[in-house]
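If you want the building blocks of each chain, they are given just below.
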Amino acid sequence: MPARPIRVLIVDDSALVRRILTDSLAHDPEIEVVGVASDPYMARDKILSLNPDVLTLDIEMPRMDGLSFLRLIMKHRPMPVIIISSLTAAGSSKAVEALHSGAVDVMAKPAGSYSAHADGHELASKIKAAFHARVGGSSPTSNLQRTGDTALVHRPPAPPSLYNNFTKRIAPSSRSFSPEQVILIGASTGGTEALKTILTGLSSSVPGICIVQHIPAYFSRAFADRLNALCQMEVREAQRGDIVRPGLALIAPGGFHMLLRRGASGYSIELSEGPKVHHQRPAVDVLFDSACKIGAAASSLALLLTGMGADGAEGLLHLKEAGASTVAQDEESCVVFGMPREAIKRGAAQRVLPLDQMAGFIESYAGSVALRA
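Structural notes, computed from the coordinates. (Residues numbered from 1 in each chain as written. Predicted model: local features only at pLDDT ≥ 70, side-chain atom pairs only at ≥ 80, totals over all residues. Heavy atoms only, no water.)

Re the environment of proline 246
Relative to the helices and strands, proline 246 resides in the loop between strand E8 (234-237) and strand E9 (248-251). Ignoring sequence-local partners within four residues, the contact set of proline 246 consists of Phe177, Ser204, Val206, Pro207 and Gly208. (Helix = DSSP H or I, 4+ residues; strand = E, 2+ residues; numbered from the N terminus. Contact = heavy atoms within 4.5 Å.)

Okay, structure coming up:
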């Protein structure tokens, strides 16, 4: 528990949404809503006066849209931002763009069926994770100054993002793989950008990849589509019955656990709406343990990336004990070091690597397990 409550500023043009979000957080002693704002200009002034720890931010707002404001924040006064977005296709796409632009997490905007208890717990968890997030080169509040109607000006520049640059690799055309080979990846807070860094650095000549990223329902498809547009390999949201094959990365849909099933020609995907694990659905441990249960561990590479909590740590240990190659992301390159830390504490990671070395490691692994003519 932090020494003082986490100070939150809620930015949304809807008075109803501002009230719902404020009320849903009112009973958590670790969080204090210090203010609300109906547009980015008001939010700018309240950031200066209230110095919040975490911002929740709507996308569609008058005078300045949330994405433009987010980019200004990340440039001039980096701080943890959680996007509260509508569930439309356009809203989901903009939310994923916001994650790419520096937001820590995303959550669906409350609707008429909103449960203050259930969704309030989810929002509180995201705020606590965001509070612990490493957000590039945090600058003092004095870097924000008012200049007429232009919201924000800069002094001095924030350091460049650790993850800005990536290099696409040339696919070795001679590689082929046993259908037994599979790469498993789990991630949470900060994972969307970590996954982009890894996947855009890979050729299409690698074993099939199964990914669990903690992401709400409705946003996972837009996330997969964005990666597919950037990567050499095919990336898409998983569907029940999908075959795991080389050159394809499957991302668990939000709201569903993803499991591996063994078939005559390799592995296929099963989806489940079973109980949440570590308060998550999809959960990394569910994917990792399913690989152990079907005997896939000995022919798998498993990576556990940035994220709050312990999801995936126990599953990574089970995979290692069953013969998998296992990797955890190092502390310095994590947005939140929780999940990898727990795996390392358990002795589950054979290697601890910085993010910028993971694509190269996967390519080396793929070369070592490739079938040779």
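Now that the structure is up, let's keep going.
A few points about the pattern of salt bridges
Enumeration according to the criterion identifies 22 salt bridges in this entry. A salt bridge links arginine 346 to glutamate 314; the nearest nitrogen and oxygen atoms lie 2.8 Å apart. Highlighted residues: arginine 346 in the loop between helix H10 (338-345) and strand E14 (351-353) and glutamate 314 in helix H9 (residues 313-321), separated in sequence by 32 residues. One network of salt bridges, in which partners are shared, links Glu234, Arg236, Asp242 and Arg245. (Salt bridge = Lys/Arg side-chain N within 4 Å of Asp/Glu carboxyl O.)

What about the pairing of strand E6 (residues 182-187)?
Among the six residues of E6, six are classified as buried, and the element is accordingly described as predominantly covered. Residues Val182, Leu184 and Gly186 of E6 are buried on one face, and the alternating residues Ile183, Ile185 and Ala187, pointing to the opposite face, are buried as well. Two strands pair when backbone bridges link them, and E6 and strand E7 (residues 208-213) are joined in this way by six bridges, in the parallel orientation. Bridge pairing links leucine 184 to cysteine 210 in E7. As a crossover connection, the stretch from E6 through helix H6 (residues 191-200) into E7 is right-handed. Relative to strand E12 (residues 300-304), E6 is paired through five bridges, and the arrangement is parallel. In the sheet register, glycine 186 faces E12, and the bridge partner there is leucine 304. (Buried < 20%, exposed > 50% of the residue type's maximum accessible area, 1.4 Å probe, protein only. Pairing = 2+ DSSP bridges. Right-handed = clockwise from strand over helix to strand, strands pointing away.)

Looking at the side chain of aspartate 58
Position of aspartate 58 relative to the elements: it lies in strand E3 (residues 54-58). The buried category is assigned to aspartate 58, whose relative accessible area is 2%. Apart from residues no more than four positions distant in its own chain, aspartate 58 is found in contact with Val11, Asp12, Asp13, Gly66, Ile84 and Lys109.

Treat this as a map of the structure, not an account of what it does.
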